[in-house]
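So the chains spell out like this:
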Amino acid sequence: MTSASQMPPTCPRCIDLAEELRRQLELLWRDAPVRFFTSMLAYALSMLFLPWPIPLICAAVNFTGEIVSMRLMRDLDPTRQRGRYGLVLAICYVTELGFAAPPALIWHLDGPYMKAFAVGMLVSSMLHVVTVRAIHLPLGLAGLAAIATAGLVSNSAHWLHLRDITSLVFTTFCALLVLGYATGALVQTHILNRNVAADRAQALAANAAKGRFLAQMSHELRTPLNAILGMGHAELRRNPDALGQERLEVLVAAASGLSTMLDDILDVSAVEEGRMQIHPAAVDPAAEIAATVALFRPSFDEAGLRLNLDLAADLPAFVRLDPQRLRQCLSNLLSNALKYAARGEVTLQVCRTADLLRIAVTDTGPGIAEAQREAIFQPFVRGGAVSPVDGGRGLGLAICRELARLMGGDLVLADGPTPADAPQGACFVLTLAAPTTEAPAPAPAPQTLPLAGQRVLTVDDISTNRLVAATYLNLLGVAALEADSGAAALALLAATQVDLVLLDMNMPEMDGLETFRRIRALPGSMARVPVVALTADASAAHRAGYLAQGLDGYLAKPLTPEALAAELGRLLQPSAITG
């Protein structure tokens, strides 16, 4: 069944009738078990007062009508299927009449509790219509009309049979008052449901717009950032002056921090929209964690902090989890500990309980105030007092917690043990589902060729991006060719042999995917040349999408020399060389 969230209306107060019927049907199915049980109980009690075939026939009419009407409501568009829509309303009227008929007949009988039972059954029917059938107003009005028909006809027949006109007028007036109130309540409940649905659609549309804005801003910022990092890396390798080297390192570090922030914002957006993907694989937990700690150890040594790693002896050789997300979580936790622990040490303790990998990161920093223990896991909230330069963005813990929960665990701030000489500190406990698994088959060693002498074509409509790529390629000893459009690239490939193509995905006139399709349609060996997406579309979903289209590799902007060298080394193998 399609939910309302999948079809947000263009106007926040204008809900389309087909969507409204879908929401109504969804509620009817959710309510069906309780409704059918209470209806059967009401019919069973009716058999105490009426001949059993009458309640049985009414029950058959009611249950059959419910099932048929709900089946007909599936994928129903009232504006285009008027006949089917009219049939649904008619069946709903008959269905409710089947429930209202027994109490209408019981009203005529004399005996203790009979009239009270009849009134109670009719009132419960009205309550059901007002609460459950109010999403689509015509459906609720059809139900109230059936109750009014049964109640008013039965009441009139009863008092006319007794020739008591005064009682007829009085009871009819009271019944009309009750029906009028029920109708008003039905309309108000319908308006409330419609406004709630409209507000939800508006919120979803705003959230989608926010996601598009973040993605677009990330894309736009990556182009100048690519130039800053590219020229910074290039000058770092060429500049022999110590002062110049120091300034360039500050420049590159600041640009790298901005790149990380863009990645974090994309991750937060992906988590909120449910697009974050987890890719479990067989992983050696001890080796993976030790490798991540080794990357941070020089930074801790420089800050004068001890970084301790305590691996439990009984850790399994291999577990199944996402190694990239594990490294991401550990990097965030160690980075936080490095920022907040001005002195002392940071201890990382790893053990396994049942099928959960438990990693506790304990620092000797200022600690977390009690009022902030949960707030720090919200995006853009930072705990503790740090300098504006290295204080972070308040995204790391929020991303880590969501990643941990996606991987069957959690991230919490525990009252963890701190060293005896540290009155304060924080202990973050990361748990991940990590069932044991077999060792993966050994991957064949890549037989990469030396990159010197290879010819790589960069296709990008922005000259600075081509300059950055050419600079990196020259540093690697690779001959760099350039094209500023898809058409120019196709013309060059028709006349020149190249070993690999770096292809921007967002170009005017002929975009990257169309250029890629035309490359694959070229005659001769160039149709098989490796093509790598070089793009500012940096989310995991974009990467998966481009690779699914058949591209041989993916590089996100801002480009780094290490990422480029790794991708070229992977793809420029003997089987990939084109003449």
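Worth saying up front: this structure is predicted, and the values here are computed from it rather than measured.

Draft legend 1. Just the overall build of the protein chain, in detail. On a plain count of helices and strands, the protein chain comes out with 15 helices and 12 strands. A fraction of 70% describes how many contacts in the protein chain between residues 6 or more apart in sequence connect residues 24 or more apart. By element, 62% of the accessible surface of the protein chain is carried by carbon and sulfur atoms, the whole surface being about 28300 Å².

Draft legend 2. Focus on the environment of Asn-62. Mapped onto the elements of the fold, Asn-62 is located in helix H2 (residues 53-73). Here the alpha-carbon distance between Asn-62 and Val-94, two residues 32 residues apart in the chain, equals 7.6 Å. Setting aside residues no more than four positions away along its own chain, Asn-62 makes contact with Ser-39, Tyr-43, Thr-95 and Phe-99.

Draft legend 3. Structural context of helix H11 (residues 463-475). Between the first and last C-alpha of H11 there are 18 Å, a value that for 13 residues agrees with the 18 Å anticipated at 1.5 Å per step. Along H11, the residues classified as buried are Asn-465, Arg-466, Val-468, Ala-469, Ala-470, Thr-471, Tyr-472 and Leu-473. Directly beyond the C-terminal end of H11, a positive phi value near 80° is found at Gly-477.

Draft legend 4. Geometry of unusual backbone geometry. Although it is not a glycine, Ala-354 sits at a positive phi angle of roughly 55°. Along the chain, the position of Ala-354 falls in the loop between strand S4 (345-353) and strand S5 (356-363). Backbone geometry at Glu-509 places phi at a positive 65°, although glycine is not the residue there. Along the chain, Glu-509 turns up in the loop between strand S10 (500-503) and helix H13 (512-520). Overall, the relative accessible area of 88% leaves Glu-509 in the exposed class.

Draft legend 5. Here's a closer look at the sheet that holds strand S7 (residues 427-433). Spatially, S2-S4-S5-S7-S6 is the arrangement adopted by the 5 strands of the open sheet, whose pairing is mixed. One side of each edge strand has no neighbouring strand; the edge strands of this open sheet are strand S2 (306-311) and strand S6 (410-414). For this sheet the average axis-to-axis angle between neighbouring strands, irrespective of direction, equals 15°. Pairing geometry for S5 and S7, over 7 bridges, is antiparallel. Bridging from a neighbouring strand, Leu-357 pairs with Leu-432 of S7. On top of the sheet, helix H9 (residues 323-340) reaches S2, S4, S5, S6 and S7; it is set at about 15° to S5, its chief contact. Across the sheet, helix H10 (residues 396-406) touches S6 and S7, and the angle it forms with S6 is around 125°.

Draft legend 6. Broad picture of the packing of H11 against helix H15 (residues 561-571). One can describe the packing of H11 onto H15 by two numbers: an axis separation of 10 Å at closest approach and a directional angle of 65°. For the element pair H11 / H15, the angle class is roughly perpendicular. Here H11 and H15 pass one another in a crossing that is right-handed. Residues Ala-469, Tyr-472 and Leu-473 of H11 form the contact with H15, whose participating residues are Pro-561, Leu-564 and Leu-568. Here the contact of H11 with H15 is composed, by residue class, of 6 nonpolar, no polar and no charged.

Draft legend 7. Quick look at the pattern of salt bridges. Scanning the model with the defined rule gives 20 salt bridges in all. Between Glu-288 and Arg-327 there is a salt bridge, with its nearest N and O atoms 2.4 Å apart. Taken together, the residues Glu-288 in helix H8 (residues 285-303) and Arg-327 in helix H9 connect sequence positions 39 residues apart. A relative accessible area of 33% means that Arg-327 is categorised as partly exposed. Close ionic contact of Glu-514 with Arg-518 constitutes a salt bridge, the shortest N to O distance being 2.9 Å.

Draft legend 8. Molecular detail of the packing of aromatic side chains. This structure, assessed with the given rule, holds 5 aromatic pairs. Here Phe-36 and Phe-63 contribute two aromatic rings whose centre-to-centre distance is 5.5 Å and whose plane-to-plane angle is 75°, an arrangement assigned as edge-to-face. Here the residue Phe-36 occupies a position in helix H1 (residues 17-46), and Phe-63 occupies one in helix H2, the gap between them amounting to 27 residues. Relative accessible area serves as the criterion here: at 23%, Phe-36 is assigned to the partly exposed category. Seen in terms of ring centroids, Tyr-43 and Phe-99 are 5.8 Å apart; in terms of plane orientation they differ by 75°. Their pairing is edge-to-face. Within this pair, whereas Tyr-43 is found in helix H1, its partner Phe-99 is found in helix H3 (residues 82-106), the two being separated by 56 residues in sequence.

Draft legend 9. Spatial organisation of the sheet that holds strand S9 (residues 479-483). Strand order in this open sheet of 5 strands is S9-S8-S10-S11-S12, and the pairing throughout is parallel. Taken across any chain shown, the strands that pair with only one partner, and hence form the sheet edges, are S9 and strand S12 (553-556). Shown here is a sheet whose adjacent strand axes are inclined to one another by a mean of 25°, direction ignored. In terms of strand pairing, S10 meets strand S11 (residues 531-535) through 3 bridges, oriented parallel. Bridge pairing in S11 places Leu-503 opposite Ala-533. Against the sheet, helix H14 (residues 540-548) engages S11 and S12, with an angle of about 150° to S12.

Draft legend 10. Seen up close, the confidence of the model for the protein chain. Per-residue confidence for the protein chain gives a mean pLDDT of 82, with 83% of residues at or over 70. Scored below 50 in pLDDT, residues 1-14 makes 24 contacts in the model with residues more than four places away or belonging to other chains. A low-confidence stretch, residues 574-579 stays under pLDDT 50, and its non-local contacts, those more than four residues away or across chains, total 17 contacts.

Draft legend 11. Layout of H13. Among all positions in H13, only Gly-512, Thr-515, Phe-516 and Ile-519 are buried. One face of H13 carries all of its buried residues, which in axial projection span an arc of 100°. Elements in contact with the buried residues of H13: helix H12 (486-495), S10 and S11. A distance of 3.4 Å separates the backbone nitrogen of Leu-513 from a side-chain oxygen at the start of H13, and that oxygen is part of Asp-511.

Each value, and the rule that gives it
- As a convention, each chain's residues are numbered from 1 in the sequence order in which they are written.
- Local features in this predicted model are restricted to residues of pLDDT 70 or higher, and side-chain atom pairs are both shown and tallied only at a pLDDT of 80 or more, whereas totals for entire chains, interfaces and linings draw on every residue.
- Water and hydrogen atoms were dropped before computing side-chain values, which therefore reflect all heavy atoms in the structure.
- Each helix is a run of DSSP H or I of at least 4 residues and each strand a run of E of at least 2, with the numbering of both proceeding from the N terminus.
- Any two residues whose heavy atoms approach within 4.5 Å are treated as being in contact.
- Using the Shrake-Rupley algorithm and a 1.4 Å probe, accessible areas are obtained, with residue cover drawn only from the displayed protein chains.
- A helix's residues, less one, multiplied by 1.5 Å, set its expected span.
- The buried label applies to any residue whose accessible area, calculated with a 1.4 Å probe on protein chains only, is under 20% of its type's maximum; exposed applies above 50%, and partly exposed to all values in between.
- Only strands joined by at least two bridges in the DSSP assignment are considered to pair.
- Axes here mean lines fitted to C-alpha atoms, for a helix over just the part in contact, with angles spanning 0 to 180 degrees between N-to-C directions.
- By the definition adopted for this analysis, an angle is roughly parallel if under 35 degrees, roughly antiparallel if over 145, roughly perpendicular if from 65 to 115, and oblique otherwise.
- For any pair of crossing helices, the crossing counts as left-handed if the nearer helix is rotated counterclockwise from the farther one by less than a right angle, and right-handed if it is rotated clockwise.
- Each residue is assigned to one class: nonpolar for Ala, Val, Leu, Ile, Met, Phe, Trp, Tyr, Cys and Pro, charged for Asp, Glu, Lys and Arg, and polar for all the others, Gly among them.
- By convention in these notes, a salt bridge is any Lys or Arg side-chain nitrogen within 4 Å of a carboxyl oxygen on Asp or Glu.
- Centres within 6.5 Å make a pair out of two Phe, Tyr or Trp rings, where for Trp the six-membered ring is used; the pair is then stacked when the planes are under 30 degrees apart, edge-to-face when over 60, and tilted otherwise.
- Each residue carries a pLDDT score, the predictor's confidence in it, ranging from 0 to 100.
- Read the arc as the range of directions from the helix axis to the C-beta atoms.
- For this analysis, a polar contact is any N or O atom pair within 3.5 Å, provided that within protein one partner can donate a hydrogen and the other can accept it, and provided that sequence-adjacent residues contribute only side-chain to side-chain pairs.

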